[in-house]
Amino acid sequence: MVVEHDAAWATRFEREAASIREALGDLVIAVEHVGSTAVPGLVAKPTVDIAVGATTSELTGEVVARMERFGYEDAGTDIKPGQHIFRKGSSFPREVLVHVVRWGSSEWSDLLRFRDRLRNDPRLAQEYADLKKTLLAERGEWYRGDDKQELVERALADAPVLFFESTSSPEETETLAAELAGELRVGDVITVSGELGSGKTTFVRGACRALGVTDPVTSPTFTIGHRYEGRVPVSHLDLYRFAQLSHAEWGDLEPYFDDAVAFVEWPEAGAGVLPAARVRVTLRHSGRDERAIEIERADTRV
Ligand code: ADP
Ligand code: MG
């Protein structure tokens, strides 16, 4: 049966993600909850799908053995191209499916983009749920991934494009940001996510330089934000100290978004309150001076 959405799936994901990180160590760049159980409210086959963006999808025997010690059964690389699959749960449906793919590959991109399409489009999510119910009713058994291919492809066709880049120095991150800056216009909001020291401010600095800002660009953690004058006005905010932005707090921030290109570090607290981002940047540590950078652009400018 497909079952009602269960909040325990998110908890299960967190627990599994922690053990996968422990098992795979430095191979891991990012771990994401994907598939139907990652879409709030959606009915699903109760299998928690986990995408692991790793430095490689070609795992050595030693690495596979480590996953097995953490309770994952090796399902090998033949099920889906570009994916090394592991699972937990002895019967069907499995409790957990782990998809180890190369970070930034088309497999990684598609897993995230399909999940995000379902999260952002309730009608598509409903259609997906209905399709599964129909398949189950027709077959009286579990459907397979192939049966859903048409819907998946259609969903991906109009999903925002994700762009992945690795950098090996702060200068490279600044250069990447400078390239992006060429596309930016007054009124654009660019969110910049990532843990402490991942390079958010470095990225914003690179973009600001390209926009003609000559002032020092530093983290505004202890103020609400900075406003710089470049060839265009530029705002730089950091929402680190906010848990969840209230509408009163938004009143203080709003002027930063007027007539400016606005960069927002730690944007998570502004969810639902900030204006829609045109570009979303996520940085992750992937080695000492290595950073794995994901850039998502909203629909092309009209
Ligand atoms: P955040 O704003 O995310 O806390 P910062 O940009 O202030 O991060 O700091 C990032 C730190 O990491 C800086 O000291 C920077 O020199 C260093 N660093 C090393 N390699 C990179 C890289 N590839 N990209 C960005 N920063 C890097
Ligand atoms: Mg910062």
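**Q** Break down the coordination of the magnesium ion (ligand 2) for me, with residues and values.
**A** Within the protein, Thr201 (OG1), Ser219 (OG) and Glu265 (OE) serve as the donor atoms for the magnesium ion (ligand 2), at 2.2 to 2.3 Å. Ordering the donors of the magnesium ion (ligand 2) by residue number gives the pattern T-x17-S-x45-E. One end of the pair, Thr201, is in helix H7 (residues 200-210); the other, Glu265, is in strand E10 (residues 261-265), with 64 residues separating them in the sequence. Across this residue pair, the class does not change: Thr201 and Glu265 are buried.

**Q** Hey, could you go over a negative patch on the surface for me, with residue numbers and the actual values?
**A** Taken together, Glu165, Glu171, Glu172, Glu179 and Glu290 make up a surface patch of like negative charges. Ranked by the residues each element gives to the negative patch, the list is headed by helix H6 (residues 170-181), at 3 residues. The residue Glu179 is located in helix H6 in this model. Its relative accessible area of 56% is what places Glu179 among the exposed residues.

**Q** Give a description of the nonpolar core that names residues and reports values.
**A** If you look at the biggest cluster of nonpolar residues, it comprises 23 residues, and the most contacted ones within it are Ile190, Phe203, Phe263 and Val281. Elements supplying a minimum of two residues to this core: H6, strand E7 (189-193), H7, E10, strand E11 (279-285) and strand E12 (291-297). For Phe263, the residues in contact, after removing those within four places along its chain, are Leu184, Ile190, Val204, Ala207, Leu211, Val234, Ser235, His236 and Leu237. In this structure, Leu24, Ile50, Leu59 and Val63 belong to the second largest nonpolar core, which totals 22 residues.

**Q** Account for the packing of aromatic side chains, with residues named and values stated.
**A** One pass over the full model with this rule turns up 4 aromatic pairs. Aromatic pair Trp103 and Phe164: ring centres 5.2 Å apart, planes at 80°, arrangement edge-to-face. Residue Trp103 is located in the loop between strand E5 (96-102) and helix H3 (106-120), and its partner Phe164 is located in strand E6 (residues 162-167); the two are separated by 61 residues in the primary sequence. As far as burial versus exposure is concerned, Trp103 and Phe164 are alike and both buried. Each ring, one from Tyr240 and one from Trp266, has its centre 4.9 Å from the other, and the planes form 55°; the classification is tilted. A residue pair is termed long-range when its members are at least 10 positions apart, and Tyr240 in the loop between strand E9 (233-238) and helix H8 (247-257) and Trp266 in the loop between E10 and E11 qualify at 26 residues. The partly exposed category is assigned to Trp266, whose relative accessible area is 21%. We note Lys88 situated over the ring of Tyr72; from NZ or CZ to the ring centre the distance is 4.4 Å.

**Q** I'd love a proper account of the pattern of salt bridges, names of residues and values included.
**A** Inspection of every chain in the model, using the stated rule, returns 21 salt bridges. As a salt-bridge pair, Arg280 and Glu296 come within 3.0 Å of each other at their nearest N and O atoms. Highlighted residues: Arg280 in strand E11 and Glu296 in strand E12, separated in sequence by 16 residues. For Arg280, a relative accessible area of 40% corresponds to the partly exposed category.

**Q** Which residues make up the sheet that holds E9, and what values do they have?
**A** Taken in spatial order, the 7 strands make up an open sheet running E6-E12-E11-E7-E10-E9-E8, and their pairing is mixed. Unpaired on one side and paired on the other, E6 and strand E8 (225-229) mark the two borders of the sheet. Shown here is a sheet whose adjacent strand axes are inclined to one another by a mean of 15°, direction ignored. Packing of H6 onto the sheet brings it into contact with E6, E11 and E12, and relative to E6 it is tilted by some 150°.

Rules and cut-offs
- Residues numbered from 1 in each chain as written.
- Chains lettered and ligands numbered in written order.
- Predicted model: local features only at pLDDT ≥ 70, side-chain atom pairs only at ≥ 80, totals over all residues.
- Heavy atoms only, no water.
- Donors = N, O, S within 2.8 Å, 3.2 Å for Na, K, Ca; no water.
- Helix = DSSP H or I, 4+ residues; strand = E, 2+ residues; numbered from the N terminus.
- Buried < 20%, exposed > 50% of the residue type's maximum accessible area, 1.4 Å probe, protein only.
- Patch = residues over 30% accessible without salt bridge, like charges linked within 9 Å, V, L, I, M, F, W, Y side chains within 5 Å.
- Areas by Shrake-Rupley, 256 points an atom, 1.4 Å probe, with all protein chains shown as cover.
- Salt bridge = Lys/Arg side-chain N within 4 Å of Asp/Glu carboxyl O.
- Lys, Arg positive; Asp, Glu negative; His and termini not counted.
- Charge placed at Lys NZ, Arg CZ, Asp CG, Glu CD.
- Core = buried A, V, L, I, M, F, W, Y, C linked by side-chain atoms within 4.5 Å.
- Contact = heavy atoms within 4.5 Å.
- Phe/Tyr/Trp six-rings, centres within 6.5 Å; stacked < 30°, edge-to-face > 60°.
- Lys NZ or Arg CZ within 6 Å of the ring centre and 35° of its normal.
- Pairing = 2+ DSSP bridges.
- Axes fitted to C-alpha atoms, helices over the stretch in contact; angles between N-to-C directions.

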